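# Coordinate analysis (summary)
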Amino acid sequence: QAKAAGRNTLCFFDPGMQEAVSARSAMEADMRQALQHGQFRLLYQPVVNGQGRMLGVEALVRWNHPQRGNISPAEFIPLAEKTGLILPLGRWVLQTACRQLVSWASDPLMAHLTVAVNVSAREFRDPGFVEAVLAVLEATGARPTQLKLELTESLLLNDVEDIIAKMTRLQMRGVGFSLDDFGTGYSSLSYLKRLPLDQLKIDQSFVRDVLTDPNDATIARTIIALASSLGLSVVAEGVETVGQRAFLLRNGCEAFQGYLFSRPVAAVALPGLVASPLG
Ligand code: C2E
Ligand code: MG
Ligand code: MG
Ligand code: MG
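Here's what I pulled together on the structure shown here. The written sequence of each chain sets the order in which its residues are numbered from 1. Each chain gets a letter, beginning with A, and each ligand a number, beginning with 1, in the order they are written. The predicted nature of this model means local features are confined to residues of pLDDT at least 70 and side-chain atom pairs, given and counted, to a pLDDT of 80 or more, with totals for whole chains, interfaces and linings taken over all residues. Only heavy atoms go into the side-chain values, all of them from the structure, while hydrogens and water stay out.

## With respect to the environment of Pro15
Along the chain, Pro15 falls in helix H1 (residues 15–37). Exposure remark for Pro15: the relative accessible area of 57% places this residue in the exposed category. When the C-alpha positions of Pro15 and Ala111 are compared, they lie 55 Å apart, and in sequence the two are 96 residues distant. For helices the rule is a DSSP run of H or I covering at least 4 residues; for strands it is a run of E covering at least 2, with both sets numbered from the N terminus onward. Only protein chains enter the accessibility calculation, which uses a 1.4 Å probe; a residue is then buried when its area is under 20% of its type maximum, exposed when over 50%, and partly exposed in between.

## Let's talk about the nonpolar core
Counting 81 residues, the largest nonpolar core has Leu147, Leu149 and Leu248 as the members making the most contacts within it. Contact criterion: two residues are considered in contact whenever any of their non-hydrogen atoms come within 4.5 Å of each other. Residues contacting Leu147, with those up to four places away along its chain left out, are Leu94, Cys98, Leu101, Val115, Val117, Val133, Leu137, Val175 and Gly176. Put simply, buried Ala, Val, Leu, Ile, Met, Phe, Trp, Tyr and Cys residues joined by side-chain atoms within 4.5 Å make one nonpolar core.

## Some points on the packing of aromatic side chains
Any two rings among Phe, Tyr and Trp, with Trp reduced to its six-membered ring, count as a pair given centres within 6.5 Å; such a pair is stacked if its planes are under 30 degrees apart, edge-to-face if over 60, and tilted if neither. For the structure shown, the criterion picks out seven aromatic pairs. Ring centres 5.9 Å apart and planes at 70° place the aromatic pair Tyr44 and Trp104 in the edge-to-face group. Taken as a pair, Tyr44 in strand S1 (residues 40–49) and Trp104 in helix H3 (residues 86–104) lie far apart in primary sequence, 60 residues in all. You'll find Tyr44 and Trp104 in the same group, each marked buried. Centre to centre, the rings of Trp63 and Phe76 are 5.6 Å apart; their planes meet at 90°, and the pair counts as edge-to-face. Residue Trp63 is found in strand S2 (residues 54–65), and its partner Phe76 is found in helix H2 (residues 73–83); the two are separated by 13 residues along the sequence. Just as Trp63 is buried, Phe76 falls in that class too. Clustering of aromatic rings is evident, with ring pairs tying together Phe40, Trp63 and Phe76.

## What about the coordination of the magnesium ion (ligand 3)?
Geometrically, a metal with four donors at the corners of a regular tetrahedron has ideal angles of 109.5 degrees, and one with six donors at the corners of a regular octahedron has ideal angles of 90 or 180 degrees. The magnesium ion (ligand 3) binds to the protein through Asp180 (OD), Asp181 (OD), Glu237 (OE) and Glu237 (OE), with metal-donor distances spanning 2.0 to 2.3 Å. The donor definition counts N, O and S atoms within 2.8 Å of each metal and applies 3.2 Å to Na, K and Ca; water is not among these atoms, so some sites may look incomplete. Donor residues for the magnesium ion (ligand 3), ordered by position in the chain, follow D-D-x55-E. In this structure, the magnesium ion (ligand 3) lies 4.1 Å away from the magnesium ion (ligand 2), the two metals sharing Asp180 as a donor. Placement of the pair is Asp180 in strand S6 (residues 176–182) and Glu237 in the loop between strand S8 (233–236) and helix H10 (242–250), with a sequence separation of 57 residues. With a relative accessible area of 6%, Asp180 lands in the buried category.

## Quick word on the packing of H3 against helix H5 (residues 129–140)
Packed helix pairs are characterised by how far apart their axes lie and by the angle those axes make with each other. Helix axes are fitted only over the stretch in contact, all axes being lines through C-alpha atoms; the angle between N-to-C directions runs from 0 to 180 degrees. Taken N-terminus to C-terminus, the directions of H3 and H5 make an angle of 35°; their axes are 9 Å apart at the nearest point. Helix-helix and strand crossings are classified by hand; for H3 and H5 the assignment is right-handed. Along its contact with H3, which presents Arg91, Leu94, Gln95, Cys98, Arg99 and Val102, the element H5 presents Ala132, Val133, Val136, Leu137 and Thr140. Throughout, a crossing is termed right-handed when the near helix is turned clockwise from the far one, and left-handed when it is turned anticlockwise from it by less than a right angle.

## Remarks on the site of ligand 1
Near ligand 1 you find 22 residues, and of these Arg62, Asn118, Asp180, Glu240 and Tyr259 are the closest. Polar contact criterion, stated in full: a pair of N or O atoms within 3.5 Å, where within protein one must be able to donate a hydrogen and the other to accept it, and residues adjacent in sequence count only if both atoms are side-chain atoms. The contact in question runs from an oxygen atom of ligand 1 to an N or O atom on the side chain of Glu58, over 3.0 Å. Between an oxygen atom of ligand 1 and a side-chain N or O atom of Asp181, the distance comes to 3.0 Å. We get accessible surface area from the Shrake-Rupley algorithm with a probe of 1.4 Å; when it comes to residues, only the shown protein chains can shield them. Coverage of ligand 1 by the protein amounts to 82% of the 800 Å² it exposes when considered alone. In this structure the site holding ligand 1 corresponds to the largest pocket. Those elements that place two or more of their residues in the shell around ligand 1 are S2, H2 and S6. Split by residue class, the shell around ligand 1 holds eight nonpolar, six polar and eight charged. For this purpose, a residue is taken to be near a molecule or strand whenever a single non-hydrogen atom of the residue falls within 4 Å of it. Using only the protein atoms, space was sampled on a 1 Å grid; points where a 1.4 Å probe fits but cannot get out form cavities, open sets with protein on both sides within 12 Å along at least five of seven lines form pockets, and lining residues are those with an atom within 4 Å of a point. Grid points define the cavity or pocket, and a molecule sits in it when more than half of its atoms lie within 2 Å of them. Residue type decides the class: Asp, Glu, Lys and Arg count as charged, Ala, Val, Leu, Ile, Met, Phe, Trp, Tyr, Cys and Pro as nonpolar, and the leftover types, Gly among them, as polar.

Note that all results are geometric; they support no functional claim without further evidence.
Here it is, written out as structure tokens:
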């Protein structure tokens, strides 16, 4: 049948492929519903200093699907990017995180916390992105200096001048920028110097074996040194053991995130964690 359709005709008769396509469009429809019906929620993972004191949190989105249960963002974020649903979803995440910041402002133990929001390349490249962020800050009354946006190196593959211009506009209002999963992408060192960044996040793939794999140890040390010489702060992601923390601390890392301190938790659990050192 495929042959009869001719050499240059795309053929969709592979049943496995058809299944994948329809599963994807079912999930896309579900995601639209989920946005309307409030099935997404945000968890917050503490970022701590060398003494285990909470400096801030990273907002991480969760989808509780009525039939399929919890779906990992690693699964639905890429689909949201492909379909464009990342734009309304990203807006919701930003709004929810900023409202959370405002609700902490009146609590002396919570008022200093920063909140980091992940922004995918597709969102950042949207022509309305800067205005959208400013509008959310304005509408919620959140302080821009307590908001960090986490970008990944994949953003830097093209239009770097435009990216820098957008980052600069937000930075002038006080918004901070972290480069997430650093070391796994393609950023050239010359861009790194020019981007208005505040922070590098060492990817958890380097942290995992930092005590046993000399290459990972070298990479982690190099990222810490690079951040320091560029005047950036550095956060180690995926810290699970006291040994990993000790190694990173000894090598100049000053902020940490990972299961050793806390898993991502609901906002209501944070006041209980902020009072005493974690880890
Ligand atoms: P990420 O931004 O690098 O977030 C860190 C991920 O590592 C989170 O996975 C977190 O739960 C996990 N993690 C934290 N500590 C540890 C640890 O000690 N060990 C291990 N093994 N894992 C740890 P999560 O929540 O499943 O998110 C996965 C990715 O999905 C995020 O990676 C981010 O790229 C994306 N993502 C999550 N929320 C959002 C969002 O609101 N918007 C966008 N655009 N992307 C998001
Ligand atoms: Mg992140
Ligand atoms: Mg990361
Ligand atoms: Mg990641």
